[in-house]
Each structure stands twice: as structure tokens, then as C-alpha cells.
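Architecture and fold: a report
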Amino acid sequence: SEVHDSDDLARTILHESLDVPDDVVEPPLAPPPETVIARFKTWKDKLLDLTLHNRLLNFRPGAGQSIALDVPNIAVFENALASKQKLQVLPRPPRDSQDDRSREIALARGDSHRKSKLEADLRAQRVHATYTEGDLFARARELARQAKTDREEGGVNTTFAAIGMLKWYESDSSEVARYSPILLVPVELEYETRTQRVLLSAREE
């Protein structure tokens, strides 16, 4: 039968392998042609882009494909994402009218009052962006639309919260600062058209 034939063949192969001396060395493989090496290098370069076109190496904070958040306490922000909280993203807080009339008062108060308010909002699951209401909503709509398209067409999540930025220069003489995100957390950004709310939460990968 076919089963017995297969068993006999397997035994034959095993017996023959036992007769092969241990010091037999397989002949080395011939080196691949130069065309294959060049093609492989091209593929590798495309997979790992080390040029300034790579946003992981040269992130532009002011670009339209991002929303800058004013986070007063990184630890509280990370804990909120890790605990699956939904954070409401608000426009930047309006300036105090008293501060507008007296710059000296604003300088005297410093950043402590502002930071305390931002941290209280963060603990209440609210985080402020650095944009006005109109700019924030426009960016959120576009980012949510693009993220949905990427998921439907490519099956991947392309929305991340960048926690911390590394500021670097191409050389000692360079005057142009570059930025690279230090930690990326996959998130979901929702824009509710009816209520005009922008919501941010961690996303399971």
C-alpha cells in the first residue's frame, strides 16, 4: 500500500543519514548575482527609511497631520490611557481677561496657576490642545477620517500618541532642530459631529 511504501522510504532515508560521516561539509553556496544584491538593498531601504522623509525621525510638530496636546503631567496622561479612559480633547483655554489688560499680572502669576488648572482638567479626563476650537475640530476631523481609511484599506492603525520628543541636530553646525517621538502609544481619535466632541483613548493592537 501507499502507507507501507512511505514508511519504507522514510526508513531508508534515516538509515542512509546514519551512514554519512560527521566530518562531511556541505559545499558553500555560490554568492548571489550583483543584481540580486542590489535589488535586496533597494527592498531593505524601502522597508527602513533612514532619511528625513521618515516622520519617526523627522517629525514636524506643526504639521496638519497631528494635534499638539498641552499635557502638564505625563504620568497622569499615561495612566489615563492605560486604564482605558476616554479623554475629551478641548481647545486651548481662553486667556484671562484680567491678564490681557495687565501683562505684569500674568507674568507675576507665572505658569503655576495655568499648570494647576490643566492638571485638574486632566484628572477629570479632559486634556487641552494648543489650538483654537476651529483649528482643533478641523484637524480632528481629518485625522479621524484618515485613520478610518487606513484601517479599512490597509488593516492597520496609524494613529499614535507621541509621548516625549527627542530634539536633535544633523551636525554640530546645523541650526535646524529635528524632532523624533520617544514613545508611541496606539490610540483612537474620535470626532463626534453631532456634539462636536473630540475623544482620545488607547487602542488595543
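Higher on the page you've got the structure.
Heads up: these notes are all about the structure in this document. Every value quoted in this text rests on a predicted model; they were computed, and no experiment measured them. (Residues numbered from 1 in each chain as written. Predicted model: local features only at pLDDT ≥ 70, side-chain atom pairs only at ≥ 80, totals over all residues. Heavy atoms only, no water.)

1. Some points on the layout of surface pockets
What counts, and what does not: In this analysis a 1.4 Å probe is tested at points of a 1 Å grid over the protein atoms alone, and where it fits but cannot get out there is a cavity; an open set with protein on both sides within 12 Å along at least five of seven lines is a pocket; lining residues have an atom within 4 Å of a point. Grid points are joined across faces, edges and corners, and a volume is the space filled by probe spheres set on the points. Secondary structure elements follow DSSP: runs of H or I no shorter than four residues count as helices, runs of E no shorter than two count as strands, and numbering proceeds from the N terminus. Any residue that is not Ala, Val, Leu, Ile, Met, Phe, Trp, Tyr, Cys, Pro, Asp, Glu, Lys or Arg is counted as polar, Gly included; the first ten are nonpolar and the last four charged.
Its volume calculated, the largest pocket comes out at about 1,000 Å³. Listed by contribution, the elements that provide at least two residues to the lining of the largest pocket are α3 (74-82), α7 (133-154), β4 (160-168) and β5 (178-192). Along the lines of polarity and charge, the residues of the lining of the largest pocket split into 22 nonpolar, six polar and three charged.

2. A word on the nonpolar core
The line we're drawing: Throughout, nonpolar core names a set of buried Ala, Val, Leu, Ile, Met, Phe, Trp, Tyr and Cys residues whose side chains join them through atoms within 4.5 Å. Burial classification: accessible surface area is computed with a 1.4 Å probe over protein chains only, and a residue below 20% of its type maximum counts as buried, one above 50% as exposed, and the rest as partly exposed. Contacts are assigned to residue pairs that have any heavy atoms within 4.5 Å of one another.
If you look at the biggest cluster of nonpolar residues, it comprises 23 residues, and the most contacted ones within it are I67, F77, L81, V89, L136, L189 and V198. Those residues within four positions of V198 in sequence are excluded, and the remaining contacts are L87, Q88, V89, L136, F137, A140, L189, E190 and Y191.

3. Side note on helix α6 (residues 112-123)
Threshold: For a helix, the expected span equals 1.5 Å multiplied by the number of residues minus one. What the arc covers is the set of directions going from the helix axis to the C-beta atoms.
Taking 1.5 Å per residue as the helical rise, α6 with its twelve residues ought to reach 16 Å, and the 16 Å between its terminal C-alpha atoms agrees with that figure. Of all the positions in α6, only L118, E119, D121 and L122 are classed as buried. Taken end-on, α6 shows its buried residues confined to a sector of 160 degrees, consistent with a single buried face. Tucked inside the fold, the buried residues of α6 contact β1 (69-70), α3 and β3 (126-129). Just downstream of α6, Q125 is the residue with a positive phi angle, here 65 degrees.

4. Regarding the packing of aromatic side chains
Short version of the rule: Aromatic pairing here means that ring centres of Phe, Tyr or Trp (its six-membered ring) are within 6.5 Å. Orientation follows from the plane angle: under 30 degrees is stacked, over 60 is edge-to-face, and everything else is tilted.
If you walk through the whole model with that rule in mind, you get one aromatic pair. With a centroid separation of 5.8 Å and an interplanar angle of 55 degrees, the aromatic rings of F137 and Y191 are classed as tilted. Remark: Y191 occurs in strand β5 and F137 occurs in helix α7; sequence separation between them is 54 residues. Each of the two residues, F137 as well as Y191, counts as buried.

5. Details of a nonpolar patch on the surface
Operational definition: Patches were defined on residues exceeding 30% relative accessible area and lacking a salt bridge, with like-charge contacts within 9 Å and nonpolar side-chain contacts (Val, Leu, Ile, Met, Phe, Trp, Tyr) within 5 Å. Per-residue and other accessible areas follow the Shrake-Rupley method at a 1.4 Å probe size, with only the shown protein chains counted as cover for residues. The term salt bridge refers to a side-chain nitrogen of Lys or Arg lying within 4 Å of a carboxyl oxygen of Asp or Glu.
Nonpolar side chains collect at one region of the surface, where L47, L48 and L50 lie side by side and expose about 390 Å² of accessible area between them. Here L50 shows up in the loop between α2 (34-47) and β1. Owing to a relative accessible area of 64%, L50 belongs among the exposed residues under this scheme.

6. Structural notes on the pattern of salt bridges
Enumeration over the complete set of coordinates arrives at ten salt bridges. For K86, the salt bridge identified is with E190, shortest N-O distance 2.8 Å. With a gap of 104 residues between them, K86 in the loop between α3 and β2 (87-90) and E190 in strand β5 connect regions that are remote in the sequence. With relative accessibility at 22%, the residue E190 sits in the partly exposed group. Note that K117 and D121 form a salt bridge whose closest N and O atoms lie 3.2 Å from each other. Linking K117 with D121, this pair stays in helix α6, spanning four residues, or about one helical turn.

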